[in-house]
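# A closer look at the structure
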Amino acid sequence: MKDISETDLKNNLPLSCKPGMKIPVHVGNTQVGGEGLTIMAGPCTVESREQVFSIAKAVKNAGATILRGGVFKPLTFPYGDPLLLADAGTDGENLPRTHILSKQETLERAERRFRYFAEAGKSVGLPIVSEAIVADAIEMMEPYVDMFQVGYRSMFNMDLLYRLCKTEKPVLLKRHAGESIRSLLGVVEHFYARGKTNLVVCERGVAVPHTHNSASRAILDIQAIVALNEYAPTIPVIADPSHSTFKRSYVQAMSRAAIAAGADGLLIDVHPDPEHAWVDPLQALNFDQFGELMKDVRSIALTVGRTL
Ligand code: PEP
Ligand code: MN
């Protein structure tokens, strides 16, 4: 993996690595990269209307500023897509876990969830962010979401990136666990060079030989937050302690560390009953745990001159 060279700064990354103050990115009624910290919180997967409304209320009360939620899940294996499950009767029947949805079926089933996910955000006055895994989903998602997420598996999906350059909505770009800051900023440069500048980058952990736990997938790279603020000082950066540590008991401490290191915000999976979450049951926080995390983050915010 290569470090960023002087030549890169001059020839390859002139737009993303320009000097200057942080330029806040507007997301619905809020902004990322201003004095106030951004807390994106919500379910890994939107499971039902009732679930997402209850989470919206809880995270808003605790101080979150954006409601996050997955509808499309970029699955490691082709089976068990959460879109196979009926939710509160609105999707009709459950389909067997080995059923493979066509792209069309996926988009149709997803749209029903986006509809009430967006209503849940509106009910508490929070903008919503959700991942797009295929370019063809953007048009359908556009009326519902306030921000598009590019998941860590998709940072080189050029079809998706080209399509996102055509939207006015902001984009949250996650770094793949095996990719350098140089490649992440290279992707940012692809967006910028095409005139798409309302981007927020997300540190989501790096792959390492061991993670102190059999089920943790990556290690949150706190140093990447510092490096991104140094190389690309105008671009807001948030940290994702949920998907990097993949371990509930690590999320609160790593959130504190990320904010102390200069992150502009956090992305946190929150679920009313984490052990029974459809996806990522090992790392989601329940409402009380999220409330505790927010208390901690508030006091760190004061120390580093930020508000929440
Ligand atoms: C997510 O945020 O729900 C998610 C699946 O993210 P990642 O791309 O980091 O796995
Ligand atoms: Mn998740």
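Above this text you will find the structure in question.
Anyway, here's the lowdown on the structure attached to this text. (Residues numbered from 1 in each chain as written. Chains lettered and ligands numbered in written order. Predicted model: local features only at pLDDT ≥ 70, side-chain atom pairs only at ≥ 80, totals over all residues. Heavy atoms only, no water.)

## Concerning the coordination of the manganese ion (ligand 2)
Bound to the manganese ion (ligand 2) are the protein donor atoms Cys44 (SG), His243 (NE2), Asp269 (OD) and Asp280 (OD), situated 2.0 to 2.4 Å from the metal. Motif for the manganese ion (ligand 2), donor spacing along one chain: C-x198-H-x25-D-x10-D. A residue pair is termed long-range when its members are at least 10 positions apart, and His243 in helix α8 (residues 241–245) and Asp280 in the loop between β10 (265–269) and α10 (287–303) qualify at 37 residues. By relative accessible area, Asp280 is classed as buried at 11%. (Donors = N, O, S within 2.8 Å, 3.2 Å for Na, K, Ca; no water. Helix = DSSP H or I, 4+ residues; strand = E, 2+ residues; numbered from the N terminus. Buried < 20%, exposed > 50% of the residue type's maximum accessible area, 1.4 Å probe, protein only.)

## Side note on the site of ligand 1
In the vicinity of ligand 1, the residues found are Arg68, Lys73, Glu131, Gln149, Gly151, Tyr152, Arg153, Lys174, Arg204 and His243. With respect to ligand 1, the side chain of His243 contributes an N or O atom lying 3.2 Å from an oxygen atom. Within the complex, the protein chains bury 97% of what would otherwise be the 290 Å² of accessible surface of ligand 1. Class assignment for the residues of the shell around ligand 1 results in 1 nonpolar, 3 polar and 6 charged. (Near = heavy atom within 4 Å. Polar contact = N/O pair within 3.5 Å; in protein donor to acceptor, adjacent residues only side chain to side chain. Areas by Shrake-Rupley, 256 points an atom, 1.4 Å probe, with all protein chains shown as cover. Nonpolar A, V, L, I, M, F, W, Y, C, P; charged D, E, K, R; others polar.)

## Considerations on the sheet that holds strand β7 (residues 171–174)
The 8 strands lie next to each other as β3-β4-β5-β6-β7-β8-β9-β10, forming a closed barrel whose pairing is parallel. When the angles between neighbouring strand axes are averaged without regard to direction, this sheet yields 25°. In this structure, strand β5 (residues 128–131) lies alongside strand β6 (residues 147–150), joined through 3 bridges in parallel fashion. Bridge pairing in β6 places Glu131 opposite Gln149. Packed onto the sheet, helix α7 (residues 222–231) meets β8 (199–203) and β9 (237–239) and runs at close to 175° relative to β9. (Pairing = 2+ DSSP bridges. Axes fitted to C-alpha atoms, helices over the stretch in contact; angles between N-to-C directions. Contact = heavy atoms within 4.5 Å.)

## A few points about the pattern of salt bridges
This model, assessed by the stated rule, comprises 13 salt bridges. Between Glu119 and Arg49 there is a salt bridge; the shortest N-O distance is 2.7 Å. Note that Glu119 is positioned in helix α3 (residues 103–124) and Arg49 in helix α2 (residues 49–62), a separation of 70 residues in sequence. When its relative accessible area of 35% is taken as the criterion, Glu119 is described as partly exposed. Of the charged contacts, one joins Glu292 and Lys295 as a salt bridge, the two residues approaching to 3.2 Å between their closest N and O atoms. In this pair, Glu292 and Lys295 are both assigned in helix α10, 3 residues apart and thus about one turn of the helix distant. (Salt bridge = Lys/Arg side-chain N within 4 Å of Asp/Glu carboxyl O.)

## Some points on the packing of aromatic side chains
Across all of its chains, the model carries 2 aromatic pairs by this definition. Ring geometry for Phe72 against Phe114: centres 5.7 Å apart, planes inclined by 50°, an arrangement best described as tilted. Of the two residues, Phe72 is situated in the loop between β4 (66–68) and α3 and Phe114 in helix α3; the sequence distance between them amounts to 42 residues. The pair formed by Phe72 and Phe114 is uniform in burial state, with each residue classed as buried. Ring geometry for Phe114 versus Tyr144: centroids 6.4 Å apart, planes at 10°, classification stacked. Placement of Phe114 in helix α3 and of Tyr144 in the loop between α4 (138–141) and β6 is noted, with a sequence separation of 30 residues between them. The two residues Phe114 and Tyr144 agree in class, both being buried. Among the aromatic side chains, those forming a connected cluster through ring pairs are Phe72, Phe114 and Tyr144. Stacked on the ring of Tyr152, the Lys or Arg Arg204 has its end atom at 3.6 Å from the ring centre. (Phe/Tyr/Trp six-rings, centres within 6.5 Å; stacked < 30°, edge-to-face > 60°. Lys NZ or Arg CZ within 6 Å of the ring centre and 35° of its normal.)

## A few points about the side chain of Glu189
Looking at the element boundaries, Glu189 is found in helix α6 (residues 181–193). Look at Glu189: it is buried, it has no salt bridge, and the nearest opposite charge is Lys18 at 8.3 Å. Each residue touching Glu189, except ones within four places of it in the same chain, is listed here: Asn12, Leu13, Pro14, Leu15 and Ser16. (Lys, Arg positive; Asp, Glu negative; His and termini not counted.)

## Observations regarding helix α5 (residues 158–165)
Leu160, Leu161, Leu164 and Cys165 are the residues of α5 that are buried. Buried residues of α5 fall within an arc of 135° about the axis and therefore sit on the same side. Packing partners of the buried residues in α5 comprise α4, β6, β7 and α6. (Arc of directions from axis to C-beta.)

## With respect to unusual backbone geometry
Phi at Phe246 is positive, roughly 60°, even though this residue is not glycine. Take Phe246: it is sitting in the loop between α8 and α9 (248–260). Positive phi, normally seen in glycine, also occurs at Asp280, with a value near 60°.

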